[in-house]
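Reading the structure
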Amino acid sequence: MVDYHAANNQSAGGAQTYMEQENDWDRDLLLDPAWEKQQRKTFTAWCNSHLRKAGTQIENIEEDFRDGLKLMLLLEVISGERLPKPERGKMRVHKINNVNKALDFIASKGVKLVSIGAEEIVDGNAKMTLGMIWTIILRFAIQDISVEETSAKEGLLLWCQRKTAPYKNVNVQNFHISWKDGLAFNALIHRHRPDLIDYDSLRKDDPVTNLNNAFEVAEKHLDIPKMLDAEDIVGTLRPDEKAIMTYVSCFYHAFSGAQKAETAANRICKVLAVNQENEQMMEDYEKLASDLLEWIRRTIPWLENRTQEKTVKDLQAKQEDFRDYRTVHKPPKVQEKCQLEISFNTLQTKLRLNNRPAFMPSEGRMVSDINTAWHTLEGAEKGYEEWILSEIRRLERLEHLAEKFHQKAAIHESWTDGKEAMLTQKDYETSTLSEVKALLRKHEAFESDLAAHQDRVEQIAAIAQELNELDYYDAASVNARCQKICEQWDILGSLTHSRKESLERTEKQLESIDELYLEYAKRAAPFNNWMEGAMEDLQDMFIVHNIEEIQGLISAHEQFKSTLPEANKEREAIQAIQAEVQRIAQSNGIKLSGANPYTTITPKSIDSKWEKAMAMVPQRDNALQDELNKQNNNDSLRATFAAQANAVGAYLQAKMEEIGRISIEMNGTLEDQLTNLKDYQTTIMSYMPEINKLEGHHQQIQEALIFDNQYTSYTMEHLRVGWEQLLTTIARTINEVENQILTRDAKGISQEQLFEYRASFNHFDKKRSGQMVSEDFRALLISTGNSLGDSEFNRIMGIVDPNSTGVVTFQAFIDFMSRETTDTDTADQVIASFKILAGDKNFITADELRRELPPDQAEYCIARMAPYAGPDGVPGALDYMSFSTALYGESDL
């Protein structure tokens, strides 16, 4: 007989250590049939658990290994290596050669096989065969087990003790009698898979039930074949230690592999969670950018619409809509624009911290594109506001001109009423000489009157032309009325000329005319025309925009009033002429035929018009005084707005300078800086009522149609832009500190390091602008201990200034320093994790991903992994290597 234990005492590593601990009582069991039965069954089941991976199994352990073929196959499966090609002959020499190849391979793994030869295996020696299998189990299943630098057996025992320590009635001290009641097997399973065992229902006095329960659960749920019989263990005084160790080692490997898979799955979950979060942020950015750009696209055509309105009221409705846009619709979009920039910066920071490629938005959705569109929007907004104010002035001018046109036209039409009939009558044909002369003189007076009205007709035509040039909406009716007046005027001129010729032909036959009547007519006509002109002027509407203009009108009115005494003397002189006519007629007994034959202007009409004109003077005084009060009020509104605007402008300038200093000179921890900045932001926002107050003053200014302000150089548009710029600058500064916190937490940078980085950066930031040129940045790097050549410096500049702007920000500087001093997840680490989940294969299947990963992240991988193209692939195999590298931007999915 071969001394099996002597052979094992020569084994290397954990097997040798273990065999040295064997005692004489073990050797006595060599010939024990119960011991051999347990080993035979256990070792056979252990071999089949590996051979089934190759699609085969054994029935009889000493017979099925005799030709060496399945023995070589077993070694290939458990080692993962290729053995020399076996010989397929059936002769004894072929079998011996195959077994020797297997034994040589075992020996190459550091195991010394003493007294175990190929002939004994070929001859079917059960003891030698079992000894050889035990040697293989020790080398490939137990030797690598190590807990706290113990030997293989001690390590496996220590692992069992730690896993079962919390369980009652379990005290594992060895690999034989400690396992007889079956509770230790159940405790091991329950410790790792509590869902499979109801441990509290097990009884120590029912070992067979306990053992069968553990064996069945292990076979069904843990893929550990049944290697022992409960009856054999219970019926043996001391169960075979090797059989127990072999079976327990299967539990160790099963649960150890699950722990590795769990670790690998956790790593992949972490990486995938980062990727999913980043993708969601990208989608959110794209949507917000698209929505904001779409709003700008829709708004700009509205602001560029220059459709003219017919009345001031209609245009004021447009102005009210524009005011709603400024106060209701635009402010949320300003917030969205600011949030978009913050989200973009935060996303880029997270991508850098997680070693991911930078985010490049879709074409046309870059932050610069949005800023360009926003600039276009504000340009259109400014142009629209200026256009509205210009249109209001234009329509006011048009309405004033239209009313003036219709007023003058009505006066002219009233004057021309009946004139054609008068000029076409033939009264001179039956008149006496005196009557004809009277008619002639009357006609001369009419010509004087006609000439006096020429200026009014020209004014009417000039106003009509101006209304056309200003595109008055009712220009057609104005033109028609003007055309009618001009045509009538031409007819009157022609008729006047014809009548004069007729009167002059008959003048030779008629004599004498009352000179007084004639003088009356000649002086009454211009005076009457002057009164009509004065009445027009007194009723004339006026539009002024400042105190100087209204004071000019008041001065002109006072000058007009100063001429009234002289005008009254002229009126009295004209009335005296008529009185002299009456006196002469009465004195000489002349019978007057009635009215003055030379004019239709009667003394009564002159007095009536004079009284009306005198009544209009105080009305004009009141109207001018009301307008003066209005302009004084407008001047007060200008001063009120200017005082508030000057205060707000100074505040904005001071705060912009202050936030510039704060962003460079911040002290304390980043959290303190963030808290201080947010408190500072709250302080700034508390100034919002002053801005609203200024908006109220501005609204009053616009409602009063005030277009200039000599008390301030600030405009509402200027201050709005300054306020928005201040809020955006504070938000950006807060975002920079938040990104620094992200960098510190993700990269493990201490607060002291950040302070050191800040102090170094500020030292070389000579302009205190938060950024520096390349030469100052080179000096900063040298001060931190970097020895830089041109090529190395150019490489670093490519990292911190990828857009070649020529300047380096503090955020770019700490990103570079954190990248140079900290570790991050890499594509190789993720590939290694996937390989563990795949069981060391170069590919992975969808079922394996669903088994090892949470459902959402498993489906995420399946949707993005390309089919595996390697020669060792199977249907449905997925390429996890290219997927892992793509996560870090090294290739495309």
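Figured I'd write up the structure that's included with this text. These numbers come from a predicted model, not from an experiment. (Residues numbered from 1 in each chain as written. Predicted model: local features only at pLDDT ≥ 70, side-chain atom pairs only at ≥ 80, totals over all residues. Heavy atoms only, no water.)

Some details on the overall build of the protein chain
From N to C terminus, the protein chain includes 34 helices and four strands. Sorting the 893 residues of the protein chain into buried and exposed places 47% on the buried side. On the protein chain, roughly 44300 Å² of surface is accessible, and the fraction owed to carbon and sulfur atoms is 49%. (Helix = DSSP H or I, 4+ residues; strand = E, 2+ residues; numbered from the N terminus. Buried < 20%, exposed > 50% of the residue type's maximum accessible area, 1.4 Å probe, protein only. Areas by Shrake-Rupley, 256 points an atom, 1.4 Å probe, with all protein chains shown as cover.)

Things to note about empty space enclosed by the protein
Considering all chains together, one arrives at four cavities of 30 Å³ or more under this definition. Approximately 60 Å³ is the volume found for the second largest cavity. Top element by residues in the lining of the second largest cavity is helix H18 (residues 433-469). It accounts for four residues. Of the residues assigned to the lining of the second largest cavity, the class counts are three nonpolar, two polar and two charged. (1 Å grid on protein atoms, 1.4 Å probe; cavity = no way out; pocket = protein on both sides within 12 Å on 5 of 7 lines; lining within 4 Å. Points joined across faces, edges and corners; volume = space filled by probe spheres on them. Nonpolar A, V, L, I, M, F, W, Y, C, P; charged D, E, K, R; others polar.)

Considerations on unusual backbone geometry
Of note in this structure, Asp223 is not a glycine but carries a positive phi near 60°. Position of Asp223 among the secondary structure elements: in the loop between helix H12 (207-221) and helix H13 (230-234). Given a relative accessible area of 53%, Asp223 falls into the exposed group.

A short note on the pattern of salt bridges
Applying the stated criterion to the full structure yields 53 salt bridges. For the salt bridge of Lys841 with Glu848, the shortest nitrogen-to-oxygen distance reads 2.8 Å. In this structure Glu848 comes out as buried when scored by relative accessible area, which is 12%. Within this structure, Arg326, Lys330, Glu378, Glu381, Glu385, Glu695, Glu717, Arg720 and Glu724 form a network of salt bridges that share partners. (Salt bridge = Lys/Arg side-chain N within 4 Å of Asp/Glu carboxyl O.)

Concerning the packing of aromatic side chains
Tallied over the full model, the rule gives 30 aromatic pairs. Ring centres of Phe175 and Trp179 lie 6.3 Å apart, and the angle between their planes is 5°; on these two criteria the pair is classed as stacked. For the pair formed by Phe175 and Trp179, the shared burial category is buried. Both rings, one in Phe777 and one in Phe793, keep their centres 6.4 Å apart while their planes meet at 40°; by these two values the pair is tilted. Here the residue Phe777 occupies a position in helix H28 (residues 774-783), and Phe793 occupies one in helix H29 (residues 790-800), the gap between them amounting to 16 residues. Pair check on accessibility: Phe777 and Phe793 agree, each one buried. The lysine or arginine in question, Lys419, covers the ring of Trp415, its NZ or CZ lying 4.8 Å from the ring centre. (Phe/Tyr/Trp six-rings, centres within 6.5 Å; stacked < 30°, edge-to-face > 60°. Lys NZ or Arg CZ within 6 Å of the ring centre and 35° of its normal.)

Side note on the nonpolar core
Ranked by size, the top nonpolar core spans 76 residues in total, and within it Trp46, Ile136, Trp179, Phe185 and Phe251 carry the most contacts. At eleven residues, the largest contribution of residues to this core is made by helix H9 (residues 126-142). Setting aside residues no more than four positions away along its own chain, Phe185 makes contact with Trp179, Leu211, Ala214, Phe215, Leu228, Ile244, Tyr247, Val248 and Phe251. Ile741, Phe764, Phe777 and Leu780 belong to the second largest nonpolar core, which has 47 residues in total. (Core = buried A, V, L, I, M, F, W, Y, C linked by side-chain atoms within 4.5 Å. Contact = heavy atoms within 4.5 Å.)

Focus on the environment of Asp847
Within the secondary structure layout, Asp847 lies in helix H32 (residues 846-852). Classification of Asp847 as exposed rests on a relative accessible area of 56%. Taking the C-alpha atoms as reference points, Asp847 and Ile862, separated by 15 residues in sequence, lie 9.7 Å from one another.

With respect to the packing of helix H4 (residues 33-51) against H9
Between H4 and H9, the shortest axis-to-axis distance is 10 Å and the interhelical angle comes to 50°. The angle between H4 and H9 places the two elements in the oblique class. The two elements H4 and H9 meet at a crossing, and its hand is left-handed. From H4, Trp35, Glu36, Gln39, Arg40, Phe43, Trp46 and Cys47 reach across to H9, where they touch Ala126, Lys127, Leu130, Ile133, Trp134, Ile136, Ile137 and Ala141. Along the lines of polarity and charge, the residues of the contact of H4 with H9 split into eleven nonpolar, one polar and three charged. (Axes fitted to C-alpha atoms, helices over the stretch in contact; angles between N-to-C directions. Parallel < 35°, antiparallel > 145°, perpendicular 65-115°, else oblique. Left-handed = near helix turned anticlockwise from the far one by under 90°.)

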